[in-house]
Amino acid sequence: MSSFDVLIQDLVIANRILAKEDVVDAYGHVSVRHPDNPSRFLIARSVAPELVTTEDIVELDLDGQPVRDEKRTLYLERFIHAAIFEARPDVTAVVHAHAEDTLAFGVADATKLRPVIHSGSFIGTEVPVWDIADNFGDTNLLVTNMAQASDLAKCLGRNSVALMRGHGFASAAPSLIEVVRLSVYLPRNARALMRARHLGGEIKYLSPGEIEARNRGYRPYSVETWRAWEYWANKAGCSHLLTRPEDGRAHPLTG
């Protein structure tokens, strides 16, 4: 199997994991930058993530348009991925989702979404909130063109996650396995923070030093990370698609 075929299978696995872990449902999507052409990326056609197969993967440019003749319907919000890839050369993978546990933090100013659990360290010290109404007025809250998507990417900046007011979130990472891990633990961190707020008293957030210590030396295909990836893939019923680099070496395409 070629390295490109492995990447396609990894993208299918990513879709299935995000669905099984309730990060996405019928809506939401994950993409990965093309390994040979950084001005293109791979994403599924418009289909529920749980149902994605290798045949559903399409190749788009950084305007969010298919590079080959494509008759199948594409995700309406594919522009989110295009704009983030264009703005962030360091990013290899992007997720857009509507995980319910994150939504309150995009509409309430009283509490900012910050890491409070060790596995939430990957969301970073800051999670900005993007409000489409600021620059585009009354819309249906969907990101349907490059202008809106570029504005979102600007809000994301160098951060790993941006919340989207009344909508969901966009996350970005240097590898596919990292963006999945980040997106799985983001709503879990949000739940922990919400419950802590209900208990009352001062919230003890992870310090910048703790976040840095947790993320220092992180490798996408370390034993620790692979354990989670393999576990999630097994839960999602797609462990047969797994391809692990020998001896834990870096994956040729995604890390």
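Residues numbered from 1 in each chain as written. Predicted model: local features only at pLDDT ≥ 70, side-chain atom pairs only at ≥ 80, totals over all residues. Heavy atoms only, no water.

Enquirer: Lay out the environment of Leu 74 in plain terms, naming residues and giving numbers.
Expert: Of note, Leu 74 is situated in the loop between strand S3 (57–61) and helix H2 (79–87). For Leu 74, a relative accessible area of 14% puts it in the buried group. (Helix = DSSP H or I, 4+ residues; strand = E, 2+ residues; numbered from the N terminus. Buried < 20%, exposed > 50% of the residue type's maximum accessible area, 1.4 Å probe, protein only.)

Enquirer: Any chance you could break down unusual backbone geometry for me, citing the residues and the numbers?
Expert: Backbone geometry at Asp 22 places phi at a positive 60°, although glycine is not the residue there. Structurally, the position occupied by Asp 22 is in the loop between helix H1 (3–20) and strand S1 (29–33). Of note in the backbone geometry, Leu 141 takes a positive phi value of approximately 75° without being a glycine. Note that Leu 141 resides in the loop between helix H4 (133–136) and helix H5 (146–156).

Enquirer: Tell me what's going on with the packing of aromatic side chains, and back it up with residues and numbers.
Expert: The full count for this structure, using the stated rule, is 2 aromatic pairs. Ring geometry for Phe 41 versus Phe 85: centroids 5.3 Å apart, planes at 40°, classification tilted. Note that Phe 41 is positioned in strand S2 (residues 40–44) and Phe 85 in helix H2, a separation of 44 residues in sequence. In this structure, Phe 41 and Phe 85 share a single accessibility class: buried. Ring plane angle 55° and centroid distance 5.8 Å describe the contact between Tyr 185 and Trp 232, whose orientation is recorded as tilted. Taken as a pair, Tyr 185 in helix H6 (residues 176–199) and Trp 232 in helix H8 (residues 223–235) lie far apart in primary sequence, 47 residues in all. The buried category is assigned to Tyr 185, whose relative accessible area is 17%. With a relative accessible area of 3%, Trp 232 lands in the buried category. Positioned over the ring face of Tyr 205 is Arg 114, at 3.9 Å from the centre of the ring. (Phe/Tyr/Trp six-rings, centres within 6.5 Å; stacked < 30°, edge-to-face > 60°. Lys NZ or Arg CZ within 6 Å of the ring centre and 35° of its normal.)

Enquirer: So what's going on with the pairing of strand S7 (residues 168–173)? Residues and values would help.
Expert: The buried fraction of S7 is high, at 6 of 6 residues. Side chains Gly 168, Ala 170 and Ala 172 project from S7 onto one buried face, and the interleaved Phe 169, Ser 171 and Ala 173 project onto a second face that is buried too. Pairing analysis gives 4 bridges linking strand S6 (residues 161–164) to S7, with the strands arranged antiparallel. Note on S7: the bridge partner recorded for Met 164 is Gly 168. Counted along the chain from S6 to the antiparallel partner S7, the turn is 3 residues long, and its residue Gly 166 has a positive phi close to 65°. (Pairing = 2+ DSSP bridges.)

Enquirer: An account of H8 is requested, with residue identities and associated values reported.
Expert: With 13 residues, H8 extends 18 Å between its outermost C-alpha atoms, agreeing within 8% with the 18 Å of an ideal straight helix rising 1.5 Å per residue. Packing partners of the buried residues in H8 comprise H1 and H6. Positive phi shows up at Gly 237, right after H8, with a value of about 75°. (Expected span 1.5 Å × (residues − 1). Contact = heavy atoms within 4.5 Å.)

Enquirer: I'd love a proper account of the pattern of salt bridges, names of residues and values included.
Expert: On inspection of all chains with the given rule, the structure shows 14 salt bridges. Across the salt bridge formed by Asp 56 and Arg 45, the nearest N and O atoms sit 2.6 Å from each other. Placement of the pair is Asp 56 in the loop between S2 and S3 and Arg 45 in the loop between S2 and S3, with a sequence separation of 11 residues. One salt-bridge network, held together by shared partners, links Glu 21, Arg 188 and Lys 235. (Salt bridge = Lys/Arg side-chain N within 4 Å of Asp/Glu carboxyl O.)

Enquirer: Account for the environment of Trp 130, naming residues and giving values.
Expert: When you line up the elements, Trp 130 lands in strand S5 (residues 129–130). For Trp 130, a relative accessible area of 5% translates into the label buried. With 106 residues separating them in the primary sequence, Trp 130 and Ala 236 have C-alpha atoms 31 Å apart. Aside from chain neighbours lying at most four places away, what touches Trp 130 is Val 143, Gln 148, Asp 151, Leu 152, Cys 155, Leu 163, Met 164 and Arg 165.

Enquirer: Which residues make up the environment of Ala 108, and what values go with them?
Expert: Tracing the backbone shows Ala 108 in the loop between helix H3 (100–103) and S5. For the pair Ala 108 and Gly 166, spaced 58 residues apart in the sequence, the C-alpha separation amounts to 10.0 Å.

Enquirer: With reference to specific residues and values, describe the nonpolar core.
Expert: Ranked by internal contacts, the top residues of the largest apolar core, which has 82 residues, are Ile 84, Phe 169 and Trp 229. Looking at which element gives the most residues to this core, the answer is H6, with 10 residues. (Core = buried A, V, L, I, M, F, W, Y, C linked by side-chain atoms within 4.5 Å.)

Enquirer: Outline the packing of H2 against H5, supporting the account with residue identities and numerical values.
Expert: Where H2 contacts H5, the axes come no closer than 8 Å and their chain directions differ by 50°. When the interaxial angle is binned, H2 and H5 end up oblique. Crossing geometry of H2 relative to H5 is assigned as right-handed. Contact residues: Phe 79, Ile 80, Ala 82, Ala 83, Ile 84, Glu 86 and Ala 87 in H2; Met 146, Ala 149, Ser 150, Leu 152, Ala 153 and Leu 156 in H5. For the contact of H2 with H5, the per-class residue count stands at 11 nonpolar, 1 polar and 1 charged. (Axes fitted to C-alpha atoms, helices over the stretch in contact; angles between N-to-C directions. Parallel < 35°, antiparallel > 145°, perpendicular 65-115°, else oblique. Left-handed = near helix turned anticlockwise from the far one by under 90°. Nonpolar A, V, L, I, M, F, W, Y, C, P; charged D, E, K, R; others polar.)

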